[in-house]
Amino acid sequence: MAVTIEELYRNYGILADAKPEDLSQHKDAYQVILDGVKGGPKEKRLAAQFIPKFFSSFPELADAAINAQLDLCEDEDVSIRRQAIKELPRFAAGENIVRVADILTQLLQTEDSAEFNQVNTALVSIFKMDAKATLGGLFSQILQGEDIVRERAIKFLSIKLKTMPEDAMTKEVEDYIFTETKKVLEDVTGEEFVLLMRILMVLKGLQTMSGRQQLVELVVEQAFLEQALNPADPDTVDRLLQCTRQALPLFSKNVHSTRFVTYFCDHVLPNLSSLTSPVAELDIQLEVLKLLAEMSPFCGDMEKVETNLTMLFEKLLEFMPLPPETEGENGENTLSDEPKLQFSYVECLLFSFHQLGKKLPDFLIDKINAERLKDFKIRLQYFARGLQVYIRQLRVALQGKTGDALKTEENKIKVVALKITNNINVLIKDLFHNPPSYKSTVTLSWKPVQKAEAVALKRPSGEDMGAGSTMKKQLSPPLPRRDARQIYNPPSGKYSATIGNFSNGEGGGEGGTLSHSWVLGAPGSPGAWS
């Protein structure tokens, strides 16, 4: 016969009135309370409160008590489930903590938002009691649980771990997280990989130079840099992009990007035109070149620096056309003859070449024959002429504009275009030195301008194509960090002697197509691999 409300209260009274040392003598009274889970809604709600209150006094009934509470956590009545979940942390003592954490982790699959928040609160509560044991329950489900449980457990850690008190995050706990995360990383999706890296990056022990090096090693393993790249497989391409993005913030003058840069030169650049994008809207070639450019300043000693520079040189030639040879009836080049100048691509390639060129400054003198060097300089000169036209027109178009006027889509594109052309101009001038110089520094057009750099800029004079300090301060608002913004493809265009206006066209794309081939690329976001 089912236990009644009256029986529950009577047996609760027996236990509540007993002296602590005499509680174990009233095992039958506690068993009645456990049987309350078989009653109606009112009896179940009372049992959910009474069972944990006396749980520690009856170790021989511990399994039965936890199972009874678990039954209530799975009840059809959401109010009963919430009450049972709220009380679960009271069972978290000694060896039971791992089990309670395991149960709570499984309960993360609930679709009820209030219940989900209750589970999160309970997990945080027991984490503060015993972090390592709680992590044991969480990682058990991440490694062996259902997909929805695994997904939500990883998200829980990626969000909550950085909010845990410092005294809970001991070295032993951090080492455990690192060890277990490495196990999880053996088989992950792209989204999981990003979240797991976020978990590791909050660990204090991994924020040192040696710690960041360990993280880079983890990313290298995930990126499969020992394997050749299959450019036709979007999942393989996406894996490389995801891994490179995660590695980027870890690189520094002491934590080198050499293996990634070498892999890009060996396997990615030769296949640049055949790369299959994981996202239809993503300009995969530009994205790859931007990643290479961002990594190149942190490249250490390379075994094949000449080979890598040669690959960059060859790829640069592809995007730096020769001047047109044909002329119109009036002796001038026709518009259709003008080669397309892809400024965004060239900025990335020139920057990467300039960075690696510092490691072999005689490359253009000793490693390139005279004819090829002459050809290269002709291309640079032609590109520089196109740059000068664009820079002058952009300055005129932006002159006197401040504040809201610079926030229109049209002017945002002009601002980025000015940064790109300015950067290319500085780098080309370096290469025209005799011998070529690699001393100038520029900030890539999609990166935030450092304050010190903005202050140090001077007003240019004559044919100096560098942006002035006033212009720079007005036109270079800080950009959001990579992980907080959509991928933005800077405009590309072709040089035209008739360039005069930058009015919005009626073409497609999120930002529309601008005249003279200045195009705002549609934003894209990385996919996931399985």
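Residues numbered from 1 in each chain as written. Predicted model: local features only at pLDDT ≥ 70, side-chain atom pairs only at ≥ 80, totals over all residues. Heavy atoms only, no water.

S.K.: What am I meant to see in the overall build of the protein here?
M.R.: Summing up its helical and strand segments, the protein has 22 helices and 0 strands in all. The long-range share in the protein, meaning contacts at least 24 apart out of those at least 6 apart in sequence, stands at 73%. Carbon and sulfur atoms form 48% of the exposed surface of the protein, whose accessible area is close to 25,100 Å². (Helix = DSSP H or I, 4+ residues; strand = E, 2+ residues; numbered from the N terminus. Contact = heavy atoms within 4.5 Å. Areas by Shrake-Rupley, 256 points an atom, 1.4 Å probe, with all protein chains shown as cover.)

S.K.: Please explain the pattern of salt bridges as it appears in this structure.
M.R.: Once their charged atoms are close, side chains differing in charge can pair, the charge on each being opposite to the other. Following the criterion strictly, the structure yields 24 salt bridges and no others. Across the salt bridge formed by lysine 132 and glutamate 172, the nearest N and O atoms sit 3.1 Å from each other. Here lysine 132, found in helix H8 (residues 131–144), pairs with glutamate 172, found in helix H10 (residues 171–184); they are 40 residues apart in sequence, far enough to count as distant. A salt bridge links aspartate 404 to lysine 407; the shortest N-O distance between them is 3.7 Å. Here aspartate 404 falls in the exposed class, since its relative accessible area comes to 61%. (Salt bridge = Lys/Arg side-chain N within 4 Å of Asp/Glu carboxyl O. Buried < 20%, exposed > 50% of the residue type's maximum accessible area, 1.4 Å probe, protein only.)

S.K.: Sorry if this is basic, but what is going on with the packing of helix H4 (residues 62–73) against helix H6 (residues 96–106) here?
M.R.: The relative placement of two packed helices is expressed as an angle between their axes plus a distance between the axes. Running from amino to carboxyl end, H4 crosses H6 at an angle of 15 degrees, the nearest separation of the two axes being 12 Å. Here H4 is positioned roughly parallel relative to H6, judged by the angle of their axes. By crossing handedness, the relation of H4 to H6 is classed as right-handed. Along the contact surface, H4 presents Asp63, Ile66, Asn67 and Leu70, while H6 presents Asn96, Arg99 and Ile103. (Axes fitted to C-alpha atoms, helices over the stretch in contact; angles between N-to-C directions. Parallel < 35°, antiparallel > 145°, perpendicular 65-115°, else oblique. Left-handed = near helix turned anticlockwise from the far one by under 90°.)

S.K.: Explanation requested: the packing of aromatic side chains in the structure shown.
M.R.: Within a pair of aromatic rings, the relevant descriptors are the distance that separates the centres and the angle that separates the planes. Throughout the structure, instances matching the rule amount to 14 aromatic pairs. Between phenylalanine 313 and phenylalanine 353 the ring centres are 6.3 Å apart and the planes differ by 40 degrees, which places this aromatic pair in the tilted class. With phenylalanine 313 in helix H16 (residues 305–319) and phenylalanine 353 in helix H17 (residues 343–357), the pair connects residues that are 40 residues apart, well separated along the chain. Three or more aromatic residues link up through ring pairs in this structure, and these residues are Tyr9, Tyr12, Phe50 and Phe54. One residue, lysine 290, lies across the ring of tryptophan 446, its end atom 5.1 Å from the ring centre. (Phe/Tyr/Trp six-rings, centres within 6.5 Å; stacked < 30°, edge-to-face > 60°. Lys NZ or Arg CZ within 6 Å of the ring centre and 35° of its normal.)

S.K.: Is there a simple way to think about the confidence of the model for the protein in this case?
M.R.: In regions of low pLDDT, the predicted coordinates are not meant to be interpreted in detail. In the predicted model, the protein carries a mean pLDDT of 83, and the fraction of residues at 70 or more is 82%. Scored below 50 in pLDDT, residues 452–530 makes 190 contacts in the model with residues more than four places away or belonging to other chains. (pLDDT = per-residue confidence, 0-100.)

S.K.: Quick question: what am I supposed to make of the nonpolar core here?
M.R.: As a rule of thumb, nonpolar side chains are buried together in soluble globular proteins. If you look at the biggest cluster of nonpolar residues, it comprises 150 residues, and the most contacted ones within it are Tyr30, Ile51, Leu104, Ile177 and Leu364. The element contributing the most residues to this core is H17, with 9 residues. Not counting chain neighbours up to four residues away, the residues in contact with isoleucine 177 comprise Leu135, Phe139, Leu161, Met169, Ile199, Leu200 and Leu203. Counting 7 residues, the second-largest nonpolar core is a separate cluster that includes Leu394, Leu398, Val415 and Leu418. (Core = buried A, V, L, I, M, F, W, Y, C linked by side-chain atoms within 4.5 Å.)

S.K.: Just to check I follow, could you spell out the state of the cysteines for this structure?
M.R.: Disulfides are covalent bonds that connect the sulfur atoms of two cysteines. Counted by the stated rule, this structure contains 0 disulfides. Cysteine 265 takes part in no disulfide bond, and the closest cysteine sulfur to it belongs to cysteine 299, at a distance of 7.9 Å. Residue classification places cysteine 299 among the buried residues on the basis of a relative accessible area of 6%. (Disulfide = S-S within 2.5 Å.)

S.K.: Before we go on, may I ask you to explain helix H9 (residues 147–160) in this structure?
M.R.: In an α-helix, one turn spans 3.6 residues, which is why side chains three or four residues apart end up on the same side. Between its first and last C-alpha atoms H9 spans 20 Å; for 14 residues at 1.5 Å apiece the expected length is 20 Å, and the two agree. Of all the residues in H9, the buried ones are Val149, Arg150, Arg152, Ala153, Ile154, Phe156, Leu157 and Ser158. (Expected span 1.5 Å × (residues − 1).)

S.K.: Looking at this structure, I do not really get H10. What am I missing?
M.R.: When the terminal C-alpha atoms of H10 are compared, their 20 Å separation across 14 residues agrees well with the 20 Å that a helix rising 1.5 Å per residue should span. Val173, Glu174, Ile177, Phe178, Glu180, Thr181 and Val184 are the residues of H10 that are buried. Structurally, H10 contributes buried residues whose contacts are with H8, H9, helix H11 (190–201) and helix H12 (209–223).

S.K.: It is not clear to me how unusual backbone geometry should be interpreted in this structure. Could you clarify?
M.R.: For residues other than glycine, phi is negative in most cases, and the peptide bonds are mostly trans. Looking along the chain, the bond that leaves asparagine 434 and enters proline 435 is cis, with omega of 0 degrees. Phi at phenylalanine 224 takes a positive value of approximately 55 degrees, unusual for a residue other than glycine. As for its placement among the helices and strands, phenylalanine 224 is situated in the loop between H12 and helix H13 (234–247). Phenylalanine 224 sits in the partly exposed class, given a relative accessible area of 33%.

S.K.: What is the right way to look at the packing of helix H19 (residues 370–398) against helix H20 (residues 409–431) in this model?
M.R.: For the pair H19 and H20, the least separation of the axes is 9 Å and the interaxial angle reads 145 degrees. Viewed along their axes, H19 and H20 form a crossing whose handedness is left-handed. Here Phe376, Leu380, Phe383, Ala384, Leu387, Tyr390, Ile391, Leu394, Arg395, Ala397 and Leu398 of H19 come into contact with H20, specifically with Asn411, Lys414, Val415, Ala417, Leu418, Thr421, Asn422, Ile424, Asn425, Ile428 and Leu431.

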